[in-house]
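# Architecture and fold: a report
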Amino acid sequence: MGRSKERILGMSVSLIIVFGLIALFSASYQNIRVAQNIFYDQLFFAGLGIGLLLFLRRFDYRRFTDAAYIFYGVNVALLLAVLLIGRHALGARRWFEVAGVSFQPSELMKLSLIFLLARYWSGLRERFAYGARNPVQAFWRDLLFPFFLTAVPMFFVFKQPDLGTSLLMFGIFFIMAYAAGVQKRHLSGFLGFCLAMIPVAWKFLKSYQKDRLLVFLNPNIDPLGAGYTIIQSKIAIGSGQIFGKGWLSGTQNQLNFLPERHTDFIFSVIGEEWGLLGTWGLATLYFILIWNLFRLAEQTDAPLPRLLITGIASIWALQVIINIGMVMGLFPIVGITLPLVSYGRTSFLMYLMTIGIVLNICRKQTY
Amino acid sequence: MRVKIIRLIVAGFFILIAGDLFYGQAIQGRFYYQQSLNNRVRVISLNGRRGRILDRNGIVLAENRTAFQLTLTPQAMGDTDAVFDFLSGILRVPADKLLTRYRSLKTADFAPVLMASDITRAAAMAVEENKFRFPELMVEEGFRRVYPFAESCGHVVGYVGKANPARLDQMKDYGYTAESFVGYLGAEEFYDAQLRGVDGGVQVEVNSRGRQVALLGRKDPESGNDITLTVNSRLQQSAMQALGENRGAAIVMDRRTGEILALASAPSFDPNAFSAAAGAPAIQEYFQDRDAPLLNRAVNGVFPPGSVFKVVAATAALDLGKISPTMNFNCPGFLDLGGTRFGCAHVHGTQNLTEAIVHSCNVYFFHLGLILKPENLYRYGRGFGLGQLTRVDLPYEKPGRLPRPRDRLLNGRRWYPGDTLNTVIGQGDVLATPLQLTRLMATVANEGIIVQPHILAKIGDKAVAQFHLARRLKVHSDTWPLLKTALRRTVADVSGTAHAVDIPGVEISGKTGTAQSGGGAHHAWFVGYSQGTKTEIVITVFLEHGGSSQNACVAARQILLTAQQEGIL
């Protein structure tokens, strides 16, 4: 541990940012549908985010965990508020305008949730050492209560509607619960229950969400409607072949065949213009980052930072795997972005904050 | 420990993704690359302009008018209300009707919807001017075929339409596609290859809205040739008028050259109806009408020629020396043969050949038929070109039928003497097209020279000579003058059956015909020719179930009078 790991994290994050900016420049190059100014916007936020990262690197992360419940409360309140008075865009209410800058509370919620859950489970360990007097009480304390804390923001995000982020929160919850040491029989019972609830949950989905899930099973159901995106995305990535069509030369991208190419489908742009070299390159960078985050968590003994890093690593892993899998047609399209590459101000800042916090934890342990 | 498991699971997913990327990009990459090409490269065909069709005096029978098509691309649609308000304004159609049309025609988001196929120039300009307000609207330039003479030239000129599957099958080797316009019927069909331009095209790169972003290649279209027909449009109109409400056909042909001056078939159709939107109600009516307006009766219809066939019998008898012109037969109004009574129109009394032609006496020709033998009727009929195609340059010509005892026997049926009697007066199994009888009469008038009927005069500015065999029907030299005198008297004599056609100052000869046809009134024929006129012509009028041949004579007279006014005679 120590300096070398910090350097690896810093290098991989920097390269991912550069990679993302190059791709975003290409995605907005034609200025059709995707306006060119989003590139400069992202560039600005990259600068801002790196500043924030450097600041957080020296800012004691425990102040966040100390205030975890307050962050959580405020963030849930923001989610509720965004549902009531948020800005409509693309058929959903996800954004807030704060002093002329739009901001997306659900992105920040992922981080607040990680703070909260890390704090909760690490606190449990200190006070009770996982020894419960009866199983029901243990089940409630170890799993159901934190799930309830997770379910509240999940529900609000789901109502926006943003199925992807909502499911992502569940993923974070489950991985952290497992990492925190919750008993396996509790976890498996709980997971079984959740799977059994899927048919019920189906009823609450919006019709376009159902379409997307069905189209995932067979994209040719509706090649001009919901299936269009995934077909175009697969064509884009595949047509890049090994060496790609070259920067700014991807026809799927430049001719506007790829919808949402600056956000959810930015990876398709990379696949088309940079080929297998590009996709493997970027995936490798993510892999190095995530692998090292998990390694870092394993090497940390204190429960709180250990859980915190695990949470952060798992959100990175989930986002990257789901996003790439989604544009490749391996997973349904659920609107999960690619960290630090997809356009998005709040999420950009959020991901750099997570790295800042991890670096801060490293510093604490080094000195 | 547990975090390590998570880490390994995550690593497993990364391997899965890397594998899938390798499969998609390295292994299937070529396939997807081709798909991305298909996505962006479109070939837009540029139609070569179809040649015009002109009459012999250069009057336009068919030409192209620039037509503007208006399309709307759903994907690019901005403010629906604003677009439809705008459209309603320029097209002068209520917005809700347009919206209904749009909804019923819309297929996919990226497929442009055809909102109007022939908008005015002003409307097209308005759309172009508002291009930036309404990027979803596009105007494309196309051609529309117009036929100024509408119905009166329908059968000669034909019409154009999208290639149907049957035609496409025949023509696809010649570069026709399902989108090509091809000629149907008349000159449009027969001379399609000359009229048709060579389609060019541009290869363009398009974006997801189908908008062109780059030009990859271009092949210029070539215009088709104009063709000039031998038809005189005034005479053609007159022929059409003369047919009136009847079903039938009228043909005027230059008997020296075979140039067809007029070729009318009634009822006719308006070729303009086919250039309008496909599936227009008028087209359906044409196809379903029991009077078959799309049938060109002049060349595609076969009918019993009736007494016109007597010309064949007379030629045969004279040439073979079976009778002398002074020989008489008595006509008591009928002839009994084999227990059947064969009737005549009147009791004509004693008749020589000339009189029998002038009065169209059946009994005289019954006797002639019995003397001649059916095989000779067949031989001379063939000599005049009956039972064979005239090879006129119009599509779907029918050969008609000329009966022959031998063919009968091959079919296991006997030839009775009564069949000879039926044949000699152009009944029974004899069937001919009006054009065949026109040529038959021309052969008589030309004293044996058989001309090739045709409608084509020029392709582009080059006159086209007609290929023909310069056939000659060789008969004894006395035959023609005798026959022609009789035919002249048929018109000139007050008692002649075609006296109604007699026009002062013009020497018209001819023969009438009245043919029984199963049920309904008789078919009425007049087939005649002019002698010593500026243009020597043959004229045929055929009225299907037209009753008396007098009706045909009256129609022929009307056409001849127009020909006289036009300075043709």
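On to the overall build of chain A, then. When helices and strands are tallied, chain A shows 15 helices and 3 strands. Taken over 367 residues, chain A has a buried fraction of 50%. When contacts within chain A are restricted to residue pairs at least 6 apart in sequence, long-range pairs at least 24 apart make up 69% of them.

This part takes up the overall build of chain B. What chain B contains, in helices and strands, is 22 helices and 21 strands. When burial is assessed residue by residue, chain B has 46% of its 569 residues classed as buried. Sequence-distant contacts in chain B: of pairs separated by 6 or more residues, those separated by 24 or more amount to 71%.

Residues and elements named next belong to chain B. When strand 14 (residues 334–337) meets strand 15 (residues 340–343), the two strands line up antiparallel, connected through 4 bridges. Looking at strand 15, one finds that Phe334 is bridged to Gly343. Between the end of strand 14 and the start of strand 15, which pair antiparallel, lie 2 residues, with Gly338 showing a positive phi angle near 55°.

What follows covers the interface of chain A and chain B. Opposite the 38 residues of chain A that make contact, chain B presents 31 residues. Put simply, the parts of the chain that give the side of chain A that touches chain B at least two residues each are helix 7 (163–180), helix 11 (226–239), helix 12 (251–254), helix 13 (266–299) and helix 14 (303–327) of chain A. Here the element with the most residues in the side of chain A that touches chain B is helix 13 of chain A; it accounts for 12 residues. When its residues are assigned to classes, the side of chain A that touches chain B shows 22 nonpolar, 14 polar and 2 charged.

Residues and elements named next belong to chain B. Mapping Cys153 onto the fold places it in the loop between strand 5 (137–146) and helix 6 (154–157). When the 29 C-beta atoms within 10 Å are taken as the criterion, Cys153 is described as buried. Through-space distance from the C-alpha of Cys153 to that of Phe269 is 8.6 Å; in sequence the pair is 116 residues apart. Ignoring any residue separated from it by four or fewer positions in sequence, one finds Cys153 in contact with Leu61, Tyr147 and Gln236.

Here we come to helix 13 of chain A. Between its first and last C-alpha atoms helix 13 of chain A spans 34 Å; for 34 residues at 1.5 Å apiece the expected length is 50 Å, and the helix comes up short by more than 12%. At Trp274 of chain A, helix 13 of chain A is bent by approximately 130°, the largest bend along its length.

Ranked by internal contacts, the top residues of the largest apolar core, which has 115 residues, are Ala250, Val252 and Ala313 of chain B. If near-sequence neighbours (up to four positions away) are discounted, Ala313 of chain B is found in contact with Phe365, Leu368, Gly369, Leu372, Leu377 and Val424 of chain B. Membership of the second largest hydrophobic core comes to 114 residues, among which are Leu124, Ile172 and Phe173 of chain A together with Tyr32 of chain B.

On to the sheet that holds strand 21 (residues 537–544) of chain B, then. Residue and element names in this part refer to chain B. Here 5 strands make up an open sheet; going across it, the order is 12-11-21-20-19 and the pairing antiparallel. Only two strands of the sheet have a single neighbouring strand rather than two, namely strand 12 (260–266) and strand 19 (507–515). Taking the axes of each pair of neighbouring strands and ignoring which way they run, one obtains an average angle of 10° across the sheet. Summarising the sheet, strand 11 (residues 247–254) and strand 21 pair through 8 bridges and their orientation is antiparallel. Note on strand 21: the bridge partner recorded for Met253 is Val538. Against the sheet, helix 10 (residues 233–243) engages strand 11 and strand 12, with an angle of about 30° to strand 12.

Residue and element names in this part refer to chain A. Between helix 13 and helix 14, whose axes approach to 10 Å, the crossing angle comes to 160°. Considering their axes alone, helix 13 and helix 14 lie roughly antiparallel with respect to each other. Of the two possible hands of crossing, helix 13 and helix 14 adopt the one that is left-handed. Judged by residue contacts, Phe267, Ser268, Ala283, Tyr286, Leu289, Ile290, Leu293, Phe294, Leu296 and Ala297 of helix 13 engage Arg306, Ile309, Thr310, Ile312, Ala313, Trp316, Ala317, Val320, Asn323, Ile324 and Val327 from helix 14. The class makeup of the residues in the contact of helix 13 with helix 14 is 17 nonpolar, 3 polar and 1 charged.

With that out of the way, let us pick up the confidence of the model for chain B. With 95% of its residues at a pLDDT of at least 70, chain B reaches an overall mean of 88. Among the prediction metrics, the complex's ipTM stands at 0.92, with pTM recorded as 0.61.

Criteria and thresholds
Residues numbered from 1 in each chain as written. Chains lettered and ligands numbered in written order. Predicted model: local features only at pLDDT ≥ 70, side-chain atom pairs only at ≥ 80, totals over all residues. Helix = DSSP H or I, 4+ residues; strand = E, 2+ residues; numbered from the N terminus. Buried ≥ 20, exposed ≤ 12 C-beta atoms within 10 Å, placed from the backbone. Contact = placed C-beta atoms within 7 Å. Pairing = 2+ DSSP bridges. Nonpolar A, V, L, I, M, F, W, Y, C, P; charged D, E, K, R; others polar. Expected span 1.5 Å × (residues − 1). Bend = angle between axes of the 7 residues up to and from the residue. Core = buried A, V, L, I, M, F, W, Y, C linked by C-beta atoms within 7 Å. Axes fitted to C-alpha atoms, helices over the stretch in contact; angles between N-to-C directions. Parallel < 35°, antiparallel > 145°, perpendicular 65-115°, else oblique. Left-handed = near helix turned anticlockwise from the far one by under 90°. pLDDT = per-residue confidence, 0-100.

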